[in-house]
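Now for the letters of each chain:
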Amino acid sequence: MVSDVSKLRDSVPAAISGTTKLLGVIGDPVRHSLSPVMHNAAIAHLGVDYVYLPLPVKPEDLGVAIAGFAAIGLEGFSITIPHKQAIMPLLSEMTEIATAIGAVNTVYRTAQGWGGTNTDVVGFVAPLRSQSWQGATALVLGNGGAARAVVVGCAQLGFAQIQVVGRDPDKLQAFSQSWSQAPFPIPLTVHSWEDLPLLLPQANLLVNTTPVGMAPKGDRAPLSLGEMERLPEDAIAYDLIYTPRPTLFLQQAQQLRLGAIDGVEMLVQQGAEALAQWLQQPVPVEVMRTALLNHLNH
Ligand code: NAP
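Residues numbered from 1 in each chain as written. Predicted model: local features only at pLDDT ≥ 70, side-chain atom pairs only at ≥ 80, totals over all residues. Heavy atoms only, no water.

1. Topic: the environment of Q173
Then, number 1: Mapped onto the elements, Q173 comes out in helix α7 (residues 169-177).
Then, number 2: Overall, the relative accessible area of 41% leaves Q173 in the partly exposed class.
Then, number 3: Residues Q173 and T243 lie 70 residues apart in sequence; the distance between their C-alpha atoms is 30 Å. (Helix = DSSP H or I, 4+ residues; strand = E, 2+ residues; numbered from the N terminus. Buried < 20%, exposed > 50% of the residue type's maximum accessible area, 1.4 Å probe, protein only.)

2. Description of the nonpolar core
Then, number 1: One finds F124, F159, I162, L205 and Y238 to be the most contacted residues of the largest nonpolar core, which totals 36 residues.
Then, number 2: For this core, the secondary-structure elements that each account for two or more residues are α4 (96-101), α5 (120-125), β7 (137-141), α6 (145-157), β8 (161-166), α7, β10 (205-208) and β11 (236-239).
Then, number 3: Looking at this core element by element, the count peaks at eight residues for α6.
Then, number 4: If you count residues domain by domain, this core takes at least three from each of domain 1 (2-118) and domain 2 (122-264).
Then, number 5: Excluding residues that lie within four positions of it along the chain, F159 makes contacts with W133, A136, T137, A138, C154, P187 and L205. (Core = buried A, V, L, I, M, F, W, Y, C linked by side-chain atoms within 4.5 Å. Domains from an automatic or database assignment. Contact = heavy atoms within 4.5 Å.)

3. Let's talk about the domain arrangement of the protein
Then, number 1: If you check the domain split of the protein, you get domain 1 (2-118) and domain 2 (122-264).
Then, number 2: Placing the centre of domain 1 and that of domain 2 at their C-alpha centroids yields a distance of 28 Å.
Then, number 3: Counting from both sides, the interface comprises six residues of domain 1 and, opposite them, seven residues of domain 2.
Then, number 4: In total, about 590 Å² of surface goes out of reach between domain 1 and domain 2, with carbon and sulfur atoms giving 72% of it.
Then, number 5: Among the residues of domain 1 in contact with domain 2, I97, A100 and I101 are the three that bury the most area, contributing 69% of the side total.
Then, number 6: Between the two partners, domain 1 and domain 2, sit zero salt bridges.
Then, number 7: Put simply, domain 1 and domain 2 have one residue pair in polar contact (both at pLDDT 80 or more) between them. (Buried area = accessible area lost by both parts, 1.4 Å probe. Salt bridge = Lys/Arg side-chain N within 4 Å of Asp/Glu carboxyl O. Polar contact = N/O pair within 3.5 Å; in protein donor to acceptor, adjacent residues only side chain to side chain.)

4. Some points on the packing of helix α11 (residues 264-279) against helix α12 (residues 285-296)
Then, number 1: Where α11 contacts α12, the two axes come as close as 10 Å, and the packing angle between them is 135°. Taken together, the axes of α11 and α12 lie oblique to each other. Like other packed secondary-structure pairs, α11 and α12 cross with a definite hand, here right-handed. Mapping the contact onto sequence places V264, E265, L267, V268, Q269, G271, A272 and L275 in α11 and V285, M288, R289, L292, L293 and L296 in α12.
Then, number 2: Split into classes, the residues belonging to the contact of α11 with α12 amount to ten nonpolar, two polar and two charged. (Axes fitted to C-alpha atoms, helices over the stretch in contact; angles between N-to-C directions. Parallel < 35°, antiparallel > 145°, perpendicular 65-115°, else oblique. Left-handed = near helix turned anticlockwise from the far one by under 90°. Nonpolar A, V, L, I, M, F, W, Y, C, P; charged D, E, K, R; others polar.)

5. What about helix α10 (residues 248-255)?
What sets the pattern is the α-helix's 3.6 residues per turn: residues three or four places apart point alike.
Then, number 1: Taken together, the buried positions of α10 are occupied by F249, L250, Q252 and A253. For α10, the buried positions fall inside an angular range of 155° around the axis, keeping them on one side.
Then, number 2: Packed against the buried residues of α10 are β7, β10, α9 (225-228), β11 and β12 (259-261). (Arc of directions from axis to C-beta.)

6. So, the packing of aromatic side chains
Then, number 1: All chains considered together, the criterion is met by six aromatic pairs.
Then, number 2: Through a chain of ring-to-ring contacts, the aromatic side chains of F69, F77 and W114 assemble into a single cluster.
Then, number 3: Note that R148 overlies the ring of F175, its terminal NZ or CZ placed 5.4 Å from the centroid.
Then, number 4: Between the NZ or CZ atom of R148 and the centre of the ring of W179, over which it lies, the distance is 4.1 Å. (Phe/Tyr/Trp six-rings, centres within 6.5 Å; stacked < 30°, edge-to-face > 60°. Lys NZ or Arg CZ within 6 Å of the ring centre and 35° of its normal.)

7. Notes on the site of the ligand
Then, number 1: The full set close to the ligand counts 20 residues, and N143, G145, A146, K171 and L240 are the nearest of them.
Then, number 2: For the ligand, an oxygen atom lies 3.2 Å from a polar atom in the backbone of G144.
Then, number 3: Measuring from a nitrogen atom of the ligand, one finds a backbone N or O atom of G263 at 2.9 Å.
Then, number 4: With the chains in place, 74% of the 930 Å² that the ligand exposes on its own is no longer accessible.
Then, number 5: Mapped by element, the contributors of at least two residues to the shell around the ligand are α6 and α11.
Then, number 6: Of the residues contributing to the shell around the ligand, the split by class is ten nonpolar, seven polar and three charged. (Near = heavy atom within 4 Å. Areas by Shrake-Rupley, 256 points an atom, 1.4 Å probe, with all protein chains shown as cover.)

8. Considering the sheet that holds β7
Then, number 1: Reading across from one edge, β9-β8-β7-β10-β11-β12 is the order of the six strands in this open sheet, with parallel pairing throughout. Two strands in the sheet have a free side with no partner beyond their single neighbour: β9 (188-192) and β12. Along the sheet, successive strands turn relative to each other by an average axial angle of 20°, direction set aside.
Then, number 2: Across four bridges, the pairing between β7 and β10 is parallel. Pairing of A138 across the sheet is with L205, part of β10.
Then, number 3: α7 rests against β8 and β9 of the sheet, and its axis sits at about 175° to β9. (Pairing = 2+ DSSP bridges.)

Written out as structure tokens, the structure is:
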């Protein structure tokens, strides 16, 4: 009974008063965002005078919304689809990591206006940090926005080869060429899906960054069990998708006794990194993880 009460207290937003500071997430749509659940649980646990709100913003209203946020003193905000790139010209500064990725998911206040960073890399690498990846090969399925954070994360972890597989040759070529200004070397090659039989046997880490297998289409997987059988027996499969849990891709990995990582930890850790940036203090990652898992399990 006592633990139920403490759980309840952690999930309730802090009392809102005339001094409460605002944080939020902008997107279109934004109503399915899980960020308010995680951030408000951490805010309540810390007892700080903040609230984190979903803020629906249409693409054509982005400029006016950002100016309005400055006018009302918003402390910072997360960004989800479709604003992660469109926000960039509206910022007065961007971190090296956001520049390398070419997308912003976290905005903070600066003396001049707004600064942008990207915490997806921190989130992505968090569950991989317990082992060394020096000299290893990463195979990345998909070449969209999340793949960019994955590529930077793999480069940071010391992978010797990062092989990205895509289905659109023009997008793949543009993806390949987009790293010329990266502030550190990116050992990247791009490939078509037809190359997979040759690539899979060398992959130490296989990452799904496509939405294939995401709920409500959880009966799909980007690769068949037969294709995944080509992986080395100590390979790890990492799916950025966090619902369903596990995805069919990760069920196949488990069937083959491979390591399996889902997207929950990335989601939690990218959020924790953003909240720490806004509050300028350590944040309770465990509380955020529990709030998210409670929400996903209902
Ligand atoms: P995105 O920018 O739309 O990129 C999706 C990529 O997947 C594109 O390269 C796309 O190829 C490819 N793709 C889509 N459908 C495919 C199919 N049927 N077969 C092969 N390739 C296909 O999306 P994103 O923002 O990168 O997000 C991708 C996934 O990652 C989503 O499921 C998202 O929920 C997840 N994610 C999770 C986290 C987390 O914190 N766990 C963070 C970010 C994203 P085309 O360009 O050719 O269409």
